[in-house]
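So the chains spell out like this:
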Amino acid sequence: MSTYPNVNETKELIKQLVSIPSPTGYTANVIQFAENFLKNLNVETKRSRKGGLLAVLPGNNQDEHRMLTAHVDTLGAMVKEVKSSGRLKLDLIGGFRYNSIEGEYCEIHTSSGKTYTGTILMHQTSVHVYKDAGKAERNQENMEVRIDAEVSSPEEVRELGIEVGDFVSFDPRVEITENGFIKSRHLDDKASVAILLQLIKRLKEENVTLPYTTHFLISNNEEIGYGGNSNITPETVEYLAIDMGAMGDGQSTDEYTVSICVKDATGPYHYGLRKRLVELAEKNSIEYKLDIYPYYGSDASAAIKSGHDIVHGLIGPGIDSSHAFERTHEKSLINTEKLIYHYVLSDMIDY
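This structure is a prediction, so every number in the text was calculated from the model and none was measured.

### Regarding the overall build of the chain
Here is step 1: Of the regular secondary structure elements, the chain holds 7 helices and 19 strands.
Here is step 2: The C-alpha atoms of the chain give 21 Å as radius of gyration, which agrees with the globular expectation for 351 residues (20 Å, within 12%).
Here is step 3: By principal-axis analysis of the C-alpha atoms, the chain measures approximately 65 × 40 × 40 Å.
Here is step 4: In the chain, buried positions account for 55% of the 351 residues.
Here is step 5: Looking at the chain alone, contacts between residues at least 24 apart form 76% of all its contacts between residues at least 6 apart.
Here is step 6: Only carbon and sulfur atoms are counted for the fraction: they give 46% of the accessible area of the chain, which is about 15,600 Å².
Here is step 7: Averaging the locations of the 36 positively and 51 negatively charged side chains of the chain gives two centres separated by 1 Å.

As structure tokens, this is what we get:
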């Protein structure tokens, strides 16, 4: 069996995933991509009613199951209002700030299937006109979308087919550097989706039989808080969310290791499962960091809050500038994929 995952293949898969627009509520295309990827591996899948993707790899133990999840939905926006100027007011999808999308290129996805490009700008952008261009608050009232079309009135905008409720996605600006970095919007959580898909591919290629039947959920509502709290079978004991490690002042997470979350805004993760993950990392020379994410919730914590009787955990690659100008390094991808690989082959904890 191979020791290291093909990280270049993982990075290319991330590039493909982040290039598919998928703000929460508009995820059918990226779910179809994941479905096709697994179909090519002869892995059977099914869709949940909420639009998530489920796959199961049978294991030796059919009585106690595991579940792993990562999410394809991303931050984004909806058209809140067609302004008198022909520009668009936005309503945000997910937890981020307007300043993080100022100047960003975007796409408006109409209900008819047409897509228009645009730029997200402050109304008071021009320093030649607006004295408060630098000081005006970045908020819903001041930020707007300039559509790349000859429009200057609501009537002309609506003639294009653009209407309130249309989804707006942000240009990921993905770039893979020669020294191992990948920078892009939406690494949260498409980096981990790529890792999970690569893991399944590796298990199939190596003809591995897992010790426990293992479910894989590609969820599509995590950014609004309820992606992974359904479709959990009664047999599921351990539930591991593969998301992102948050970086910043006071954090130990970095871009080169796998981050193991001990607590987030919802409370501590399961102590026994956390210790098992640390044990596996140390046994297999996997670089890791333990961390607390103060303003964070995962699909695993959503499952706990919804009442499921499970053991829950959270790990992921370290992502710099999360929910904004994200970046990670291939070392973090490798360490995360290695830990998940050894985890799915390990014994279940005594809960």
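### A look at helix α4 (residues 187-205)
Here is step 1: Counted at 1.5 Å a residue, the expected span for α4 with its 19 residues is 27 Å, and the 26 Å between its end C-alpha atoms agrees.
Here is step 2: Of all the 19 residues making up α4, 17 are buried; the element is thus mostly covered by neighbouring parts of the structure.
Here is step 3: At the C-terminal side of α4, N207 shows a positive phi close to 55°.

### Regarding the pattern of salt bridges
Here is step 1: In the structure shown here, the tally under the stated rule is 16 salt bridges.
Here is step 2: Notably, a salt bridge pairs K89 with E81, separated by 3.5 Å at the nearest N-O pair.
Here is step 3: Of the residues examined, K89 reaches a relative accessible area of 9% and is grouped as buried.
Here is step 4: Put simply, E102 and R138 hold a salt bridge, and the shortest N to O gap is 2.9 Å. Remark: R138 occurs in the loop between β7 (115-122) and β8 (143-147) and E102 occurs in the loop between β5 (88-93) and β6 (105-109); sequence separation between them is 36 residues.
Here is step 5: For E102, a relative accessible area of 33% corresponds to the partly exposed category.
Here is step 6: Exposure remark for R138: the relative accessible area of 23% places this residue in the partly exposed category.
Here is step 7: Shared partners join several salt bridges into a network, and the residues in it are E81, K89 and E141.

### Quick word on the layout of surface pockets
Here is step 1: Reported here for the largest pocket is a volume of approximately 690 Å³.
Here is step 2: Lining the largest pocket are 32 residues; nearest its centre among them are G95, Y295, Y296, G297 and H323.
Here is step 3: Examining the composition of the lining of the largest pocket, we find that 4 residues originate from one element, helix α6 (residues 299-305), more than from any other.
Here is step 4: Class assignment for the residues of the lining of the largest pocket results in 11 nonpolar, 13 polar and 8 charged.
Here is step 5: Lining the second largest pocket are 14 residues, and of these K46, R47, S48, L54 and N231 sit closest to its centre.
Here is step 6: If you list the elements that add at least two residues to the lining of the second largest pocket, you get β1 (45-47) and β2 (53-57).
Here is step 7: For the lining of the second largest pocket, the per-class residue count stands at 3 nonpolar, 6 polar and 5 charged.

Here is what the cut-offs are and how they apply
- Residues numbered from 1 in each chain as written.
- Predicted model: local features only at pLDDT ≥ 70, side-chain atom pairs only at ≥ 80, totals over all residues.
- Heavy atoms only, no water.
- Helix = DSSP H or I, 4+ residues; strand = E, 2+ residues; numbered from the N terminus.
- Rg over C-alpha atoms; globule rule 2.2 N^0.38 Å.
- Buried < 20%, exposed > 50% of the residue type's maximum accessible area, 1.4 Å probe, protein only.
- Contact = heavy atoms within 4.5 Å.
- Areas by Shrake-Rupley, 256 points an atom, 1.4 Å probe, with all protein chains shown as cover.
- Lys, Arg positive; Asp, Glu negative; His and termini not counted.
- Charge placed at Lys NZ, Arg CZ, Asp CG, Glu CD.
- Expected span 1.5 Å × (residues − 1).
- Salt bridge = Lys/Arg side-chain N within 4 Å of Asp/Glu carboxyl O.
- 1 Å grid on protein atoms, 1.4 Å probe; cavity = no way out; pocket = protein on both sides within 12 Å on 5 of 7 lines; lining within 4 Å.
- Points joined across faces, edges and corners; volume = space filled by probe spheres on them.
- Nonpolar A, V, L, I, M, F, W, Y, C, P; charged D, E, K, R; others polar.

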